[in-house]
Amino acid sequence: MDIGIGIPNSVPGTTGGQLLEWARRAEAAGFSSLASIGRVDFPGYEELTVFAAAGAVTERIRFMTNVLLAPTRSAAELAKQAASVDQLTGGRLTLGLAIGRRATDYEATSRNFDDRGRRFDQQLRDLKTAWAGEPIEASTKPVGPTPVQQGGVPLLIGGMTEAAVRRVVEFGAGWTAGGAPPEATRAMIEKVRAAWRDAGREGEPRIAALAYFSLGEVTEQSRAYLLDYYEDPMGEMAEVVADSALRSPEAIRGAIETFSDLGVDELLLDPTVSHPEQVDLLADVVR
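Computed from a predicted model, the values in this text were never measured in an experiment.

Conventions adopted
Residues numbered from 1 in each chain as written. Predicted model: local features only at pLDDT ≥ 70, side-chain atom pairs only at ≥ 80, totals over all residues. Heavy atoms only, no water. Pairing = 2+ DSSP bridges. Helix = DSSP H or I, 4+ residues; strand = E, 2+ residues; numbered from the N terminus. Axes fitted to C-alpha atoms, helices over the stretch in contact; angles between N-to-C directions. Contact = heavy atoms within 4.5 Å. Buried < 20%, exposed > 50% of the residue type's maximum accessible area, 1.4 Å probe, protein only. Parallel < 35°, antiparallel > 145°, perpendicular 65-115°, else oblique. Left-handed = near helix turned anticlockwise from the far one by under 90°.

**Overview of the sheet that holds strand 4 (residues 93-98)**
Ordered in space as 1-2-3-4-5-6-7-8, the 8 strands form a closed barrel in which the pairing is parallel. Taking the axes of each pair of neighbouring strands and ignoring which way they run, one obtains an average angle of 25° across the sheet. In terms of strand pairing, strand 6 (residues 174-177) meets strand 7 (residues 206-213) through 4 bridges, oriented parallel. Looking at the pairing, W175 lines up with I207 of strand 7. The strands touched by helix 7 (residues 182-198) are strand 6 and strand 7; relative to strand 6, the strand with the most contacts, the crossing angle is about 170°. The strands touched by helix 10 (residues 249-261) are strand 1 (2-6), strand 7 and strand 8 (266-271); relative to strand 8, the strand with the most contacts, the crossing angle is about 150°.

**Here's the deal with the environment of I252**
As for its placement among the helices and strands, I252 is situated in helix 10. Exposure remark for I252: the relative accessible area of 0% places this residue in the buried category. In this structure, the C-alpha to C-alpha distance between I252 and G96, residues 156 residues apart in sequence, is 23 Å.

**As for the packing of helix 2 (residues 47-56) against helix 3 (residues 75-88)**
Axis angle and axis distance: for two packed helices, these are the angle between their axes and the distance between the axes, and together they describe the pair. One way to put it is that helix 2 packs onto helix 3 with a least axis distance of 9 Å and a crossing angle of 15°. What the angle tells us is that helix 2 and helix 3 run roughly parallel. Judged by the sense of rotation from one axis to the other, the crossing of helix 2 with helix 3 is left-handed. The residues of helix 3 that touch helix 2, namely those facing L48, F51 and A52, are L78, Q81, A82, V85 and L88.

**With respect to unusual backbone geometry**
Note that the residue after N66, namely V67, is joined by a cis bond; omega there is 5°. When you line up the elements, V67 lands in strand 3 (residues 62-69). Cis rather than trans, the peptide bond between G144 and P145 has omega equal to -10°. Phi is positive for S110, which is not a glycine, with a value near 55°. Within the secondary structure, S110 sits in the loop between helix 4 (103-107) and helix 5 (116-131).

As far as function goes, none of this settles anything; it's purely spatial.
Structural data, given as structure tokens:
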């Protein structure tokens, strides 16, 4: 199982310099990917912009949005932005995409919340069309550029619904578990793999999982951030997420073993504080 690390693009107070230093250290430490999380209605950095900058100070590490709320953007915008990052990074981008559950993220971009699932389905079709160099609309030109990666930027679909399973099979390279506990992850992995086989897709779907972490004397800071990020309408879920973050070497190693046993291909350990030293502390644990 590959071990990736998140980048603290959504941790309030993070500086641009910290993000670039985080990316340098993550590559030097040997992590497989840098992953973002993303809300619109929250004071964080836009994830694809961060990856474009991180790509300029790294050479190997991959980048993954985990997840980007796709229907808060138009298909043309997302296709152009993602293809641009893929070109600038030499083909190192994976898009983890989902629809989210907070209406405020859609209000912030003046987009409809209630039909986001239907629009997401069309968006996934349009991304493939755009990356093939074809116009999304008959009256428009191709939005370009085309991605470096053959077939376009790989798509991992997030969500815990039957619609998410269908989207994986129809459009994706796999599924990403956005912070779900191992027991919920297990059930979804089984559903995704069964649907993949039933649809006659070749090989196996790629499975990614996210778990939050912090190391050192930063527990209160870590917990406060997660409570803020996951406040209403999550209700009690914010407390669950804040309390379940991995905050010791033993907890991190245990999670790695558990997710590996589930057949997860890549575990993305996402930070809850922005100090770049967290990269080195985590690397010492997972080596």
